[in-house]
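A structural walkthrough
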Amino acid sequence: MGAGGFFAQHEVHVGQDVGGRTLTVAEAEVARYAAGTGGASARPAGTAPALILHSEVYRSLAWYLPNVFGNLHARQEWELFAPLPVGEPIRTRSTVVDRYAKRNREYVVNEVLVTDDAGRWLQRSRTHQSFLLDDGRRDTVVDREREKRPERAFSVGEGPGEPIGPLTRPITLAMCEAFSGPQRNYHNDREMARLLGFPDIVVQGMLSVCLVSELMTAAFGAGWLHGGKMDVRLVNVVWVDDVLATRGKVREEVAEGSRRRVHLEVWCEKADGTKTLVGTASALR
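Our subject in this report is the structure included herewith.

Rules used throughout
Residues numbered from 1 in each chain as written. Predicted model: local features only at pLDDT ≥ 70, side-chain atom pairs only at ≥ 80, totals over all residues. Heavy atoms only, no water. Helix = DSSP H or I, 4+ residues; strand = E, 2+ residues; numbered from the N terminus. Buried < 20%, exposed > 50% of the residue type's maximum accessible area, 1.4 Å probe, protein only. Contact = heavy atoms within 4.5 Å. Axes fitted to C-alpha atoms, helices over the stretch in contact; angles between N-to-C directions. Left-handed = near helix turned anticlockwise from the far one by under 90°. Nonpolar A, V, L, I, M, F, W, Y, C, P; charged D, E, K, R; others polar. Lys, Arg positive; Asp, Glu negative; His and termini not counted. Salt bridge = Lys/Arg side-chain N within 4 Å of Asp/Glu carboxyl O. Parallel < 35°, antiparallel > 145°, perpendicular 65-115°, else oblique. Pairing = 2+ DSSP bridges. Core = buried A, V, L, I, M, F, W, Y, C linked by side-chain atoms within 4.5 Å.

Description of the side chain of Ser 94
Along the polypeptide, Ser 94 turns up in strand β3 (residues 89-102). The class of Ser 94 is buried, set by a relative accessible area of 7%. The contacts of Ser 94, once residues within four sequence positions are left out, are Gln 16, Asp 17, Val 18, Gly 19, Asn 110, Glu 111 and Val 112.

In structure tokens:
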């Protein structure tokens, strides 16, 4: 029985094919990525920044649940197997791989696989998007005071360990427009943000994820591009005009073939210490 006979029409379900495309990364896209992340990537010649396809998962929103009011990017996983080439064809494919509920939200997980023209895996990512279970509208879903609550404090990076970073970026409106444009949306337009229950522009979660990748690229170079991994949670909203510092701390180093894998805690924090992203990452050395 095909999926069309088992699931209701337009139902978001595990195994749902969300499509893909063949594309070639050009230097113009690399320049736009640099404008969106606030600085040039420390990349080897002929390769693109590792997460230049950060929003490939959002090219089609056929995997979104109907209640988009107050939806948030909650968690991001990424695995890198080989650098993304500039000027050569690559392919993407997007599939719903999980759906679950937690507290007052329902989560959909979309996996994007990126391969070269011959089918070799270059990277794989999983995006956990959360949607409110109730559809009762209110003025604000998340306000600026939420991050000050005791339950929104997260302990990370404490104790001994080699520090990595910080990579510091003031998050400007121009960055949001480059990263999340050109269409108006709640990541680059205040009016659109208010329509979805937020008091100001919600900086796209993928921007913080990309800053983690840039931190790891600067620290480990080819060891990140050829074997990097991350699993991070977006725990507090980043607002336009926040200043983010992205940091890491080495927790363990273990043998992996002829190399060693370095495991780190990683996080992003605002000037007042509020954590906006926490998780783990690893690279080869």
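What follows picks up the thread again.
With respect to the packing of helix α2 (residues 27-37) against helix α3 (residues 173-180)
Two elements in contact, α2 and α3, have axes whose closest approach is 7 Å; the angle formed by their N-to-C orientations is 140°. Pair α2 / α3 crosses with left-handed handedness. Residues Arg 32, Ala 35, Gly 36 and Thr 37 of α2 form the contact with α3, whose participating residues are Met 175, Glu 177, Ala 178 and Phe 179. Class assignment of the residues belonging to the contact of α2 with α3 gives a composition of four nonpolar, two polar and two charged.

Focus on the side chain of Arg 146
Structurally, Arg 146 is set in the loop between β5 (121-132) and β6 (163-170). With no salt bridge to any partner, buried Arg 146 finds its closest opposite charge in Asp 143, at an N-O distance of 7.0 Å. Beyond its immediate stretch of four places on either side in the chain, Arg 146 contacts Arg 152, Val 235 and Asn 236.

Some remarks on the packing of α2 against helix α5 (residues 205-220)
Helix-helix packing is characterised by the crossing angle of the two axes and by the distance between the axes. Running from N to C, α2 and α5 point in directions that differ by 105°, and their axes come no closer than 10 Å. Overall, the two elements α2 and α5 adopt an arrangement that is roughly perpendicular. Facing α2, whose interface residues are Tyr 33, Gly 36 and Thr 37, α5 presents Leu 207, Cys 210, Leu 211 and Glu 214.

Notes on the sheet that holds strand β2 (residues 72-80)
Read from one edge of the open sheet, ten strands run β1-β3-β4-β5-β2-β7-β10-β9-β8-β6, paired in antiparallel fashion. Only two strands of the sheet have a single neighbouring strand rather than two, namely β1 (17-24) and β6. Averaged over all pairs of adjacent strands, the angle between their axes in this sheet comes to 15°, without regard to strand direction. Pairing between β6 and strand β8 (residues 243-256): six bridges, direction antiparallel.

Considerations on the pairing of strand β9 (residues 259-269)
Relative to β9, β8 runs antiparallel, the two being bridged by eleven bridges. Paired with Glu 252 across the two strands is His 263, which belongs to β9. The hairpin formed by β8 and β9 contains two residues between the paired strands, and Gly 257 there has a positive phi angle of roughly 65°. Two elements, β9 and strand β10 (residues 275-284), share nine bridges in a ladder whose sense is antiparallel. Bridging from a neighbouring strand, Trp 267 pairs with Val 278 of β10. Between β9 and β10, which pair antiparallel and follow one another directly, the connecting turn spans five residues, one of which, Gly 273, has a positive phi of 95°.

Describing the nonpolar core
Counting residues in each nonpolar core, the largest one holds 59 residues, and the members touching the most others are Trp 224 and Met 230. It is α5 that contributes the most residues to this core, nine residues altogether. Met 230 has contacts with Leu 51, Gln 76, Glu 77, Trp 78, Val 209, Val 212, Ser 213, Trp 224, Thr 280 and Ala 281, leaving out every residue within four places of it along the chain. In terms of nonpolar packing, the next biggest core, distinct from the first, is built from nine residues, Leu 72, Val 142, Leu 196 and Val 202 among them.

Focus on the environment of Gln 16
Relative to the helices and strands, Gln 16 is located in the loop between α1 (3-6) and β1. Judged by its relative accessible area of 11%, Gln 16 falls in the buried class. With 248 residues separating them in the primary sequence, Gln 16 and Leu 264 have C-alpha atoms 33 Å apart. If sequence neighbours within four positions are ignored, Gln 16 has contacts with Glu 11, Ala 62, Trp 63, Ser 94, Thr 95 and Val 96.

Comments concerning the environment of Ser 130
For Ser 130, the position within the fold is in strand β5. By relative accessible area, Ser 130 is classed as buried at 3%. C-alpha of Ser 130 to C-alpha of Gly 70: the two residues are 60 residues apart in sequence and 8.7 Å apart in space. Apart from residues lying up to four places away in sequence, Ser 130 is in contact with Asn 71, Leu 72, Ala 74, Arg 105, Glu 106 and Tyr 107.

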